Amino acid sequence: MVADLDIDLLRTFVALAETESFTAAGVRLGATQSTISVRLKKLEDRLGRRLFERTPRAVAPTFFGEGFLSEARRILAVHDDVMARATATAPTRRLSLGVSEHATGSRLTGVLRSLRDLMPSLSLSVTLGLSEELVTDWEAGRHDAVVVRRLGRTSISAGTGRQLFPDDLVWCAAPDLVRRQDEPVPLAVISRPCRLMEIAVETMEAAALPWRLAFVSRDLVAVQAAVEAGLGIGCVGRASVPTGAVILGVEDGLPPLPQSEIVLLADGRDRALAPAFDLIADAFNIVAGEPRLQRRA
């Protein structure tokens, strides 16, 4: 029966051959001189051949040892390569997620923290933007998934995507906002191409109500600040109503707004990402779980 060659013994032999010193070989391998000597003796016994000539002042490979050195190096190289590939950490999977600001409401920090905690093994890249633009990017393959608003007349078909939570459009304003019935409605809205500005204006026109643009920004946070400051009446999803604002309705002389929902659009062709899409949906449940704001008394 052919004897096996232990990797530790071969590594000791190579270190001793290259350093020609029991002390230096021990330092390289983190072993004592006596351990180096014992390992060498085991290897020589297994091979049945003497590998080194020893004198009080020097140690040098024998003729057989010099020839065996190249074989030992080759075995170690193969072994180390196999181990490196077998134990290598799997490459981190990247997931590109587009998120509409409206989908997180005023709880963006909580949603992002949930995404981070639920998917530690993914390299997550998050882009905030407008729903229509995010859908276009997703369809072009620039995002693996997007969380966006779906409206009745949007480009997102009714049967597409997974509903995360309903988020009906509402009017909102600061509690101390005073508006005379004969004055144009001061609107605080996100600028085009956001559909909410278009919907707010169309709704006012359909109800024959005069209106004016009191505050316009591409940033939802800026619009929320303007609403809280009493600069105008906002048209946002219920989840995006600022903490210090109240919801207005028909009883306040404002027309009803269309229903809407927040949906997840994901590329189902990559089944490896399916669990990640489920976790994304879980992260956004914290938005759906928030209590609804009360209407103005």
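For every chain, the first residue of its written sequence is number 1, and the numbers climb from 1 along that sequence. Given that the model is predicted, a residue must reach a pLDDT of at least 70 before its local features are reported, and side-chain atom pairs must reach 80 or more before they are shown or counted; all residues, however, enter totals for whole chains, interfaces and linings. Think of the side-chain values as coming from all heavy atoms in the structure, minus any hydrogens and water.

Engineer: Account for the pattern of salt bridges, with residues named and values stated.
Structural biologist: Throughout this description, the term salt bridge denotes a Lys or Arg side-chain nitrogen within 4 Å of a carboxyl oxygen of Asp or Glu. All told, the structure shown has 13 salt bridges when counted by the stated rule. Ionic pairing is found between Asp-6 and Arg-46, a salt bridge with its closest N-O pair at 3.3 Å. A residue pair is termed long-range when its members are at least 10 positions apart, and Asp-6 in the segment before helix 1 (7-19) and Arg-46 in helix 3 (residues 33-47) qualify at 40 residues. Burial status follows relative accessibility: with a 1.4 Å probe on protein chains alone, a residue under 20% of its type maximum counts as buried, one over 50% as exposed, and anything between as partly exposed. Take Asp-6: its relative accessible area is 35%, and that puts it in the partly exposed class. Its relative accessible area of 36% is what places Arg-46 among the partly exposed residues. When the shortest N-O distance is used, the salt bridge between Arg-73 and Glu-18 registers 3.1 Å. Highlighted residues: Arg-73 in helix 4 (residues 63-87) and Glu-18 in helix 1, separated in sequence by 55 residues. Residues participating in the shared-partner salt-bridge network are Glu-18, Arg-28 and Arg-73. By the criteria applied, helices consist of DSSP H or I runs no shorter than four residues and strands consist of E runs no shorter than two, each listed in order from the N terminus.

Engineer: Outline the sheet that holds strand 3 (residues 93-100), supporting the account with residue identities and numerical values.
Structural biologist: The criterion for strand pairing is that DSSP finds at least two bridges linking the strands in question. The 5 strands are arranged 4-3-5-12-6 in an open sheet whose pairing can be described as mixed. Edge positions in the sheet fall to strand 4 (122-129) and strand 6 (162-166), since each has one partner strand and no second. With strand direction ignored, the average angle separating the axes of adjacent strands in the sheet is 25°. Pairing between strand 3 and strand 5 (residues 145-151): 3 bridges, direction parallel. Working convention: axes come from line fits to C-alpha atoms, limited for helices to the stretch in contact. Angles between N-to-C directions cover 0 to 180 degrees.

Engineer: Quick one: what's the story with the pairing of strand 9 (residues 211-217), residue by residue and with numbers?
Structural biologist: Pairing analysis gives 6 bridges linking strand 8 (residues 185-190) to strand 9, with the strands arranged parallel. Its bridge partner lying in strand 9, Ala-188 is registered against Phe-215. We call a crossover right-handed when, viewed with both strands directed away from the observer, the connection leading from the first strand over the helix to the second proceeds clockwise. Viewed along the sheet, the connection from strand 8 through helix 8 (residues 195-206) into strand 9 turns out right-handed.

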